[in-house]
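In case you want the letters, here they are:
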Amino acid sequence: MNAKAIYVLANDIVPGSSMPVAAPGLRASGLVDGLVANGLAAQLVTPTGNTPSPWRSPVPRPGSPRAIAVRPVDLRSFFSTRAPATVIITNFNYIEAVEGIDGLDIVFDLFAPKVLELRCGVPAPAAAAVARATERKIRALQSASGFLVNGRKKLPYLSSWLERAGVKAAPSRVAVAEMAVPASPLAPDTDGPLRLVMGGYVQKWSRPGAWLDVVAAHLPADAVVSIALNSHWGNRNRGRDVALGDLALHPGMNRVSSMAFEQFQELLSTHHVMLDLFEDTEERRLAMVTRTVVALASGVPVIHPPFTEVSPLIEKFDAGWLVDAGDSDAVAASVASVVADRAGVRAKAANARKLWKAHFDPAVATKEAALLIRRLHDEADK
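The text that follows walks through the structure, step by step, so that each part is easy to find. Keep in mind that this is a model prediction, so the values were computed, not measured. (Residues numbered from 1 in each chain as written. Predicted model: local features only at pLDDT ≥ 70, side-chain atom pairs only at ≥ 80, totals over all residues. Heavy atoms only, no water.)

A few points about the packing of aromatic side chains
For step 1, the next point in the chain: Within this structure, the stated rule accounts for five aromatic pairs.
For step 2, the next point in the chain: Between Tyr157 and Trp161, the aromatic rings sit 6.5 Å apart at their centres with planes inclined by 65°, giving edge-to-face as the arrangement. Pair noted here: Tyr157 and Trp161 are both in helix α6 (residues 155-165), with a separation of four residues, about one helical turn.
For step 3, the next point in the chain: Ring geometry for Phe278 and Phe307: centres 6.1 Å apart, planes at 70°, overall edge-to-face. Of this pair, Phe278 sits in the loop between β11 (273-275) and α9 (282-285) while Phe307 is found in the loop between β12 (302-304) and α11 (311-317), placing the two residues 29 residues apart along the sequence.
For step 4, the next point in the chain: In this structure Phe278 comes out as buried when scored by relative accessible area, which is 1%.
For step 5, the next point in the chain: Residue classification places Phe307 among the buried positions, given a relative accessible area of 9%. (Phe/Tyr/Trp six-rings, centres within 6.5 Å; stacked < 30°, edge-to-face > 60°. Helix = DSSP H or I, 4+ residues; strand = E, 2+ residues; numbered from the N terminus. Buried < 20%, exposed > 50% of the residue type's maximum accessible area, 1.4 Å probe, protein only.)

Below is the structure:
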């Protein structure tokens, strides 16, 4: 097999940029780390410098030696001069920059169900916006030589979209690539007051709910509750406006400002449990919830709903508590268990690390993706 360049095109800020990172940027970075761990010379391409950031302007270049910063307006010429090559795109965000370039193989990463996300808008999006997203997604699927999905639960969803796009993809051109994230260093196992954390971006399709009052009612007064909620690409303090109910009045409330990914993961690893509950929606049923995955990689067990892409893994490894946010008794019981059984919490924390190692370690999460890319390269050589 001839060596062929491999690029992963990020559509958001990536780790190493000294800025808060959302799921798509972490996804692209994790894919690169995993592909490299599997013996492929992949590089991260991160669009930067073309648009001011709400946090900092211009967007800083990432510090990783495997990352290449390119202005969005220069992406097409960048890839045109590097073909033959393979580029992995996250969803359809940059399809216009890569489609139709001779010698450029596109791998479509169905990282998140973006059209479902759009339909979860509040207020509902205009029909034209949904139609435009649908058209771009179909174009991206039709342009791709291979396909990744962020978890096996999304395979039927991908199949339905491929059928809609008129694409017949052999099973050998589809690979599962679960969310690849780095593990944080183990934090000291300290006793003392319970430390509970809520973190991540506030999304219009998964906002905090009335279950927060139930949590507040069952926490001891000496518990520390760290809230690190923010809105992506908006006012950095907007997360502070989220209605937290009685939890906002807890004496151990600790509001945390926006921070870089590495700092956020360090923050998580100093807590005993992460709280990540939300209501059941069609979009959430397909979600590989990134903040939960990052918590597990940090050795932090999670109170989590029973219906997401991560839920069966949490149950299999006993790495948390699966709770319906609408079941007040179940929410109360999970919090009571956390408070009363610190040894059980420590056991679940150890299990969280085992779950990470089995599924979210970049080398493991991208094994199928690496095999897919090697197959595409072998086919090109024939």
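Digging into a negative patch on the surface
For step 1, the next point in the chain: Residues Glu279, Asp324, Asp327 and Asp329 make up a contiguous surface patch of negative charge.
For step 2, the next point in the chain: Secondary-structure assignment places Asp329 in helix α12 (residues 328-340).
For step 3, the next point in the chain: Residue Asp329 is classed as exposed on the basis of its relative accessible area of 64%. (Patch = residues over 30% accessible without salt bridge, like charges linked within 9 Å, V, L, I, M, F, W, Y side chains within 5 Å. Areas by Shrake-Rupley, 256 points an atom, 1.4 Å probe, with all protein chains shown as cover. Salt bridge = Lys/Arg side-chain N within 4 Å of Asp/Glu carboxyl O. Lys, Arg positive; Asp, Glu negative; His and termini not counted. Charge placed at Lys NZ, Arg CZ, Asp CG, Glu CD.)

What about helix α15 (residues 367-381)?
For step 1, the next point in the chain: Taking 1.5 Å of rise per residue, 15 residues should cover 21 Å, and α15 covers 21 Å from first to last C-alpha, within 8% of that figure.
For step 2, the next point in the chain: Of the positions making up α15, those classed as buried are Ala369, Ala370, Leu372, Ile373, Leu376 and His377. Taken end-on, α15 shows its buried residues confined to a sector of 160°, consistent with a single buried face.
For step 3, the next point in the chain: Looking at the buried side of α15, the elements it contacts are β1 (5-9), α1 (23-37), β4 (85-90), β5 (104-110), β6 (146-149) and β7 (174-176). (Expected span 1.5 Å × (residues − 1). Arc of directions from axis to C-beta. Contact = heavy atoms within 4.5 Å.)

Section: the pattern of salt bridges
For step 1, the next point in the chain: Per the stated rule, a full pass over the model turns up 18 salt bridges.
For step 2, the next point in the chain: The shortest N-O distance in the salt bridge between Arg132 and Glu135 comes to 2.7 Å. A residue pair is termed a helical-turn pair when its members lie 3 or 4 positions apart in one helix, as Arg132 and Glu135 do in helix α5 (residues 127-143) at three residues.
For step 3, the next point in the chain: According to the relative accessible area criterion, Arg132 is partly exposed, its value standing at 42%.
For step 4, the next point in the chain: Note that Glu135 and Arg139 form a salt bridge whose closest N and O atoms lie 3.2 Å from each other. Here Glu135 and its partner Arg139 are both found in helix α5, four residues apart, which amounts to about one turn of the helix.
For step 5, the next point in the chain: Salt bridges sharing partners connect three or more residues here, namely Glu96, Glu99, Arg132, Glu135, Arg136 and Arg139.

Focus on the nonpolar core
Most often, soluble globular proteins have nonpolar side chains that are buried together.
For step 1, the next point in the chain: By size, the foremost hydrophobic cluster in this structure holds 38 residues, and its most contacted members are Met179, Val181, Leu268, Leu296, Val310, Leu355 and Phe360.
For step 2, the next point in the chain: Of the residues forming this core, the biggest block, five residues, is contributed by helix α10 (residues 290-297).
For step 3, the next point in the chain: In this structure Val181 touches Leu26, Val293, Val294, Ala297, Trp356, Phe360, Asp361 and Pro362, once residues within four positions along its chain are discounted.
For step 4, the next point in the chain: Ala97, Ile106, Ala140 and Leu158 belong to the second-largest nonpolar core, a separate cluster that totals 37 residues. (Core = buried A, V, L, I, M, F, W, Y, C linked by side-chain atoms within 4.5 Å.)

So, the packing of helix α8 (residues 261-268) against α10
For step 1, the next point in the chain: The N-to-C vectors of α8 and α10 enclose an angle of 65°; their axes lie 9 Å apart at closest approach. Every pair of crossing elements has a handedness; the one defined by α8 and α10 is right-handed. Seen from α8, the contacting residues are Phe261, Phe264, Gln265 and Leu268; seen from α10, they are Val294, Ala295 and Ala297.
For step 2, the next point in the chain: Grouping the constituent residues of the contact of α8 with α10 by class yields six nonpolar, one polar and no charged. (Axes fitted to C-alpha atoms, helices over the stretch in contact; angles between N-to-C directions. Left-handed = near helix turned anticlockwise from the far one by under 90°. Nonpolar A, V, L, I, M, F, W, Y, C, P; charged D, E, K, R; others polar.)

Focus on α1
For step 1, the next point in the chain: End to end, α1 covers 21 Å across 15 residues, agreeing with the expected 21 Å (1.5 Å per residue, within 8%).
For step 2, the next point in the chain: Among the residues of α1, Gly25, Leu26, Arg27, Ala28, Ser29, Gly30, Leu31, Val32, Gly34 and Leu35 are the ones counted as buried.
For step 3, the next point in the chain: Two residues or fewer after α1 comes Gly39, characterised by a positive phi angle close to 90°.

Digging into unusual backbone geometry
For step 1, the next point in the chain: For the bond from Ala83 to Pro84, the omega torsion is 5°, close enough to zero to count as cis.
For step 2, the next point in the chain: For Pro84, the position within the fold is in the loop between α2 (75-80) and β4.
For step 3, the next point in the chain: Located in the positive-phi region is Asn91, a residue other than glycine, with phi close to 55°.
For step 4, the next point in the chain: By relative accessible area, which is 5% here, Asn91 ends up buried.

Any link to function would need more than the numbers given here.
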